[in-house]
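Report on the structure
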Amino acid sequence: MATPPRKPFKPQPPRTLARLHRTSNLGYPDYYPPQPGQEEDSMSESNVRQGFIYTQLLPDELATRHDTVHANLQGGRALQNMGDFMLDLLKRKRYEDESDVEDFQPVNPKRFWTDEGLTQEWYKKSDTADLYDLIKDGTPYLKRGDSLLENLCKRRPTYIRALDLIKLAAQIEVVNQGQANQDWTVTCFEFLKFQIRLLEPDEWRYCVQLARFQYEEGLIDQRFLKLTLDHLQTLSDHSYIAIWLYLVLEFLSIYTGSGTLMRLLIDYLLKKIKDIQISNLPIPPSHDGNRASTLAATTGNAQTSERLVSTIKKILWASFVTLPDMFVFPKHWNTYKDILHNVLFESRLTEGNEPEESGHPSLEAQETSKIWERVKLRNEFFGDPKEDLSMFKKYLSSEPRAHLFRILDKMDHSMNHFEILDEYFPIKTPSFPTSEANILLRLQTLCHWAVTNYRVGNHRPYVACTLLEKWKNSEDDEQERLRRQLFLQDSLLQFLDEYNCGTSSEGYQVVAHLFGELIRCGHFSPTKYMQRLISRGDTNDSKRSEERTLRHLKYVKCLPLYNGTRYLYNQRRWILYGVGGQDKNEELTYENLLHKIMAKLPRIFGEGADKLDAPVLDDAIDDFELSLPLDHDTCDLIKNTTRFTQMRLTQMWLLPRVREFIQKAPIGEHNWRMPTQPGSTLLNARQFSTIIQVLEHAQDFYALIEISLWVLENTMERSLFPVIVDTFSRHEIMWAAMGKSMEVFRALQNKHESLREKSAIERSMAEYICHLCGITKNEIVIPGRQSTNFFIHDLTEEQKTQLNEDIGARLKISLSSAITRHKQNLGNDLLPLITRADGFRSPCPSDGPGWLHSDNPSVMLNSSIEIIHQYSKECSDYREIRRVILIFGDMLRDIYDRTKDGRIDVVFKHCIERHVIENGVLKHHNTNWFLHFLVILIVRRLLSIDVLLSEIVGSFQRLVSKILNAEELNEMDIEQATNLTLLVSMVFAQKGDYRSEYFGLCTMDIQMLQTHCAILSHPTLALLSGIMRDLVIIESTVAMTSPLIEHIQKLRKNLANALWFRRLCAAYPAKAYNYFVISSRESSFKSTEKNMVDMMLIAFGDVHGMDHHVTTRSSAVFLEYLKDMFSQINMWNIHQISVQFRLCMDSIILSKKSLILPENSTTATNLEGDIMMTESISRDDVESDEPSVELAVIKYVWEQVINQQQLDAHFIKEIIDGIRKDVAQEMLTYGMSVLSRCEPLMNGIDLIFRVLLKAVNDEEKDIKLCEALLRQVKSLYEKSEAEFQSTVMARIHLLIPLVDPLLSRVVAVKPEKIISHEMFEKIRECRLIEQWIFILVQLLTSNRIHEPDNDPANFEVLLDLVSLLLDEMGTKPRVIVASELKKANFVVPSMGEDRVRRILPLRPCQRPFGVDGKTIDPWKVTEYVGNNKVLGNDTNTLWPGAKIYRRPKSRKPRLNRKLSDSSS
């Protein structure tokens, strides 16, 4: 196959570089791409001999056009000519502006006529003649009204002549009637309303432009703007709205002068776009006239709607870019932010504003994005600040490794791991020599992330190895790969030199785990590492006492040596112990572990293992001890030994011996019927589960995945398949992090296809393959498992259909053979019981399918329970009963695989109703067999754990309802509660130490239960919390001597220590706290919350290595606990620390309450739920001593943490968020005292007060704090030497969370009834708002706000705060406050003057409105306040503010040309 032709090289600018201009072809700054045929590429004689010599086009390459023009103006008469030209312009301007209205008396026409012919001739003459020449000979009788405007629209004279005619008509009215009776503003507005119905484009454009000229001339006033917006609200036809918006666009520059008008316009436009998006329906055609119907039918409703939306978006975008202040509306921000974002960004791309060729946004889009982020921040500042806008953005900007940490944290079950690998070490990484510092940072960050105790999960070392493997081998050049390997070795050694593990052995084990995997993958050489230590003298006796040398010696002792040679082991021994030295304890530990594992697996390591030709069938009685989990001493010994010994045990001994345990005998007459082939493994399910348990304790997950793949490929033992599938499911994130996703998927798929060919489908394997592929067809739901967001392999439709059929298909292996095998295993003792049971009654003595008489699943399950129940009464050996339970579990599995869909969830509910509710099986003492049978149903995948949990919740609720109804629990109820408690312990605690009393769970059962629990989500926490609360209620009503109390306390302790439960709480800390602690506060039993807090302290206590046994009442211990906790805070563990702080405060408060016991009570419980005897404590003793603990903690938080600024305010806010109300009240009270005595405050203290105010939720405290802040701001503002930012602005930020409760109380007093300033002053909240507005305006109009040391955002904070207070307090109170503001005569600085005056009515009206000295503020006109009728009753003047021009004596030719040009 021929290689494809190479693509020509095309230089590209840097990705982060924006073009100089969006439309013109100016190119990119500082980027000069080569041009074809350029001079420097030509092979001329001069270039060949001397090289290319660059000659400048200009003398100075850095010169600008401004410099060139400036230089040309220095000589000749250029400056003089330009000066003369400017003087001439100024003279003409002054000449045009001269209008002595006071001295000028307009000439009134003296003769009028009504003849139509003369009128038309006069109109024709008026187009060119001078207006005063027309007036002196007489004029037609012009009426100022619709007829005049209609005549003007038809004739369409120049706008200046049209204005003259309108003024002339008004003068005629004054001459004839003595006054101008009509309100010309309303007349023009009504004419425009009529004109829009005609839909004449030319006339409409002329009318709109004429209205604009009239407004500029003062012929119509500001009411026209408000009337225009009011009429826009009434329009429903989209075609009319689009046309009316043309009028709005023409007056948009005038609207921008009024904040109220702009708010009304923006609010309407956003609502209209939202309505169009929601409805998304065709616009009905207009019925207002034939021409409108014709237009709608021609253009189409969809086209009309598109045109309307496009016009609205243009207005919004222009307004947003020019007036971002108008888009600060915190009350409605959440409603309109998505729509506004779509208008500003998404929609503009679809309308032809494509991004640049380089893929980066244009300069216009970049500027819009900057304004958007600022407006978004200003709006959200008045709400609850979002986490990503405060703490995370701040941290990401200051911490260069934060982005890398966020990439690595995506490695979980729900993310595409391959994309994350490409994102961290992309293939297009710059060449190695030029990016050495960047790569070193990534390597160091990767190692820190893999070993830090602020992350959970053993998958992190494997993620690091996979990332390094991808980066190292991403280059094809062998020398480049070698250079990267050397750099990797040096970088990892540098990490070992700098990283401090502390004094605990766990830290060294974690580092050894990471570097052990790096050694296994070939990324780190232990030989070079030890040689480096020797060469730099770290092994010398003089340096062995140094801290760095001691740390490296511990590393050498812990690091595993995979396939190490003898000299490597000798080198390690010499470094650690010297010549001839040896650690005997290490060797003894290794030998001890060997013997323990060999004793657990006698068939593999015992005699006769080589002679086996098939997996051994375990005996349920004889092999019972072998099936149990490893004892605690063995588990602790494996976990606590060094990584070197662990890998020596698993990699060098266990795995090779397991791989040798295969069938070695050739096929002959004695074994040709066996399903195993030569080379197949001889492991059974029990042996495989034990090996997996050893590897899990040793945390050798790479060996675990390898042995699981090997066993899956080399076995046909059906009992192994569910165990292997559970192993893959339980460690799904491990093999995904190792990069073995496709390998695992292919192995499962190949085995499934092999089983399908033999008609022996394993349903669990097919379900798991569907889970990995994301198949949801036919509503396939795996119980307890959530669907994943990434698909390992995209199957074809034929393969997906086949998988669906495999899951729903019944096994084709003969049912009679399976039933016969189980019947033979039961023995003859159970035959009478089987014969008498429904569903198993045999019509004939022969074996076969007839033994299964009924195909009703409910009958089969109930009959099995009855047989086991009857047999348990006759048999006292728990191992025999366990054997029968296992046989019936396997038999039901086979029956349901061949007859039903493989589930009995629906049948189980009927079973519970019969045996638990009706027959009351759990109400008797000897019912442990029933509990174990339910567990076996879950293990055999017959019963969903969610269904069982819901039924347990219902049983407990029935018991609690009796207690709440003041009914005592009898002995049967207590026995039922005991059995249910044991069942919850067996399913969710998985301790495996129940032994004879509880029918001990074997290793395989525990592992499968762990798999079911590991895939549970946070809704399970809600069900478990309900069970635990019910158990506390039951515990409080039971006698102290009852065994139930001991079982409940053990359940709380074991559940809190369960690994899956701790990981689920760490993943959802807030939800866990809400489910277990907050929900328990509603209980009427006081001990409920105390026990839940103690349980959650255990669950969260050791997450970060902190001691959770805080059982003392000493404040010093609590303070030490808090100091230790605060010292470990970072942005990645902040949520866990927050829950721990809340639990600590809950423990302090509840401990004080629990110590006050009733007079006859002498018992209490510690944090672990164990009973301890104590003396009764009186209330006086507690009140005299205990309050000092909580006060000491609160004082420490305020004085040491907040005032000393030990932590960022965002961290403190996250920590105290969610604390109980009584603690929040104490902290708020102490915080108010801090405000009164401390002038400078920490940056972001308002975030802390937000949380406290929200938790307290007391309006009276809000008002008191608001008044206190007002006094402090006034006092601090008067001190000129006080720092403005940390004193005044810090307290104004504290006011922001108080605005909402303050305004809500103003609205509650019905502000529309306030008609005078005296009434306004009598209301406490109104008076407080007025005082705050005055001080805020005073700050806005002062120069201190613009000082260089102040934050530029302070001005916007004050402006937005004043605007919010004025907008939300009501119309009448707003007018009262505005009137008082005008009396203060504030002087606004030039900087930001337009923005302030747009919001506040500080300047008196400059244009007179009304007569007889009466004036009305345009701001009040806009607000619809005051008597508007006086605006049209003008008798002495034409109309308010009309301009009258006197006739000039002479006109210059140039001026005449200019006027004619402007008219045209």
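Calculation criteria
Residues numbered from 1 in each chain as written. Predicted model: local features only at pLDDT ≥ 70, side-chain atom pairs only at ≥ 80, totals over all residues. Heavy atoms only, no water. Helix = DSSP H or I, 4+ residues; strand = E, 2+ residues; numbered from the N terminus. Buried < 20%, exposed > 50% of the residue type's maximum accessible area, 1.4 Å probe, protein only. Contact = heavy atoms within 4.5 Å. Areas by Shrake-Rupley, 256 points an atom, 1.4 Å probe, with all protein chains shown as cover. Axes fitted to C-alpha atoms, helices over the stretch in contact; angles between N-to-C directions. Parallel < 35°, antiparallel > 145°, perpendicular 65-115°, else oblique. Left-handed = near helix turned anticlockwise from the far one by under 90°. Nonpolar A, V, L, I, M, F, W, Y, C, P; charged D, E, K, R; others polar. pLDDT = per-residue confidence, 0-100. Salt bridge = Lys/Arg side-chain N within 4 Å of Asp/Glu carboxyl O. Core = buried A, V, L, I, M, F, W, Y, C linked by side-chain atoms within 4.5 Å. Patch = residues over 30% accessible without salt bridge, like charges linked within 9 Å, V, L, I, M, F, W, Y side chains within 5 Å.

Turning to the overall build of the protein chain, a few remarks are in order. Scanning the protein chain from N- to C-terminus turns up 69 helices and 4 strands. By residue count, 52% of the 1464 residues in the protein chain fall in the buried class. Of the contacts formed within the protein chain by residues at least 6 apart in sequence, a portion of 75% connects residues at least 24 apart. Entry remark: accessible area of the protein chain is about 70800 Å², with carbon and sulfur atoms responsible for 51%.

Attention shifts here to the packing of helix H49 (residues 1019-1037) against helix H52 (residues 1069-1078). Following both chains from N to C, one finds H49 and H52 inclined at 25°, their axes separated by 9 Å at the closest point. Judged on the interaxial angle alone, H52 and H49 are roughly parallel. Here H49 and H52 pass one another in a crossing that is right-handed. Where H49 approaches H52, its residues Leu1021, Ala1022, Leu1024, Ser1025, Met1028 and Arg1029 are matched on the opposing element by Ala1072, Tyr1075 and Phe1076. Here the residues of the contact of H49 with H52 sort into 7 nonpolar, 1 polar and 1 charged.

Bringing the packing of helix H50 (residues 1043-1057) against helix H51 (residues 1059-1067) into the picture now. Each packed pair of helices is defined by two parameters, the angle between the axes and the distance between the axes. Two numbers describe how H50 lies on H51: the axes approach to 5 Å, and their chain directions differ by 65°. Contacts between H50 and H51 pair Leu1055, Ala1056 and Asn1057 from the former with Leu1059, Trp1060, Phe1061 and Arg1062 from the latter. A class-by-class count of the residues in the contact of H50 with H51 yields 5 nonpolar, 1 polar and 1 charged.

A few words now on the confidence of the model for the protein chain. Here the protein chain shows a mean pLDDT of 76. Residues at 70 or above account for 72%. Ranking the helices and strands of the protein chain by mean pLDDT puts helix H34 (residues 701-713) first, with 94, and strand E4 (residues 1171-1173) last, with 34. Taken as a whole, residues 842-854 scores under 50 in pLDDT and shows 28 contacts with residues more than four places along the chain or in a different chain. Scored below 50 in pLDDT, residues 1424-1464 shows 84 contacts in the model against residues more than four places distant or in partner chains.

Under the definition given, this model contains 61 salt bridges. With its nearest N and O atoms 3.2 Å apart, the salt bridge here joins Arg572 to Glu586. With Arg572 in helix H27 (residues 566-577) and Glu586 in helix H28 (residues 584-600), this residue pair connects regions lying 14 residues apart in the sequence. Note on Arg572: relative accessible area 5%, which makes it buried. The salt bridge partner of Glu1356 is Arg1395, with a shortest N-O separation of 3.5 Å. With Glu1356 in helix H65 (residues 1353-1368) and Arg1395 in helix H67 (residues 1393-1399), the pair connects residues that are 39 residues apart, well separated along the chain. A single network of salt bridges, built from pairs that share partners, joins Asp325, Arg374, Arg378, Glu1356, Asp1360 and Arg1395.

Backbone geometry places Ala966, a non-glycine residue, at a positive phi of 65°. Along the polypeptide, Ala966 turns up in the loop between helix H46 (945-964) and helix H47 (971-989).

The next subject is the nonpolar core. By size, the foremost hydrophobic cluster in this structure holds 386 residues, and its most contacted members are Phe988, Phe1061, Phe1126 and Trp1332. Broken down by element, the residue count for this core peaks at 13 residues, all from helix H62 (residues 1284-1308). Once residues lying within four places of it in the same chain are set aside, the contact partners of Phe1061 are Leu1021, Leu1055, Ala1056, Phe1076, Met1095, Met1096 and Ala1099.

Here we take up a nonpolar patch on the surface. A contiguous nonpolar patch, built from Met82, Phe85, Met86 and Leu89 and spanning about 360 Å² of accessible area, is present on the exposed surface. The topology assignment puts Met82 in helix H3 (residues 78-97). On the basis of relative accessible area, Met82 is assigned to the partly exposed category, the value being 45%.

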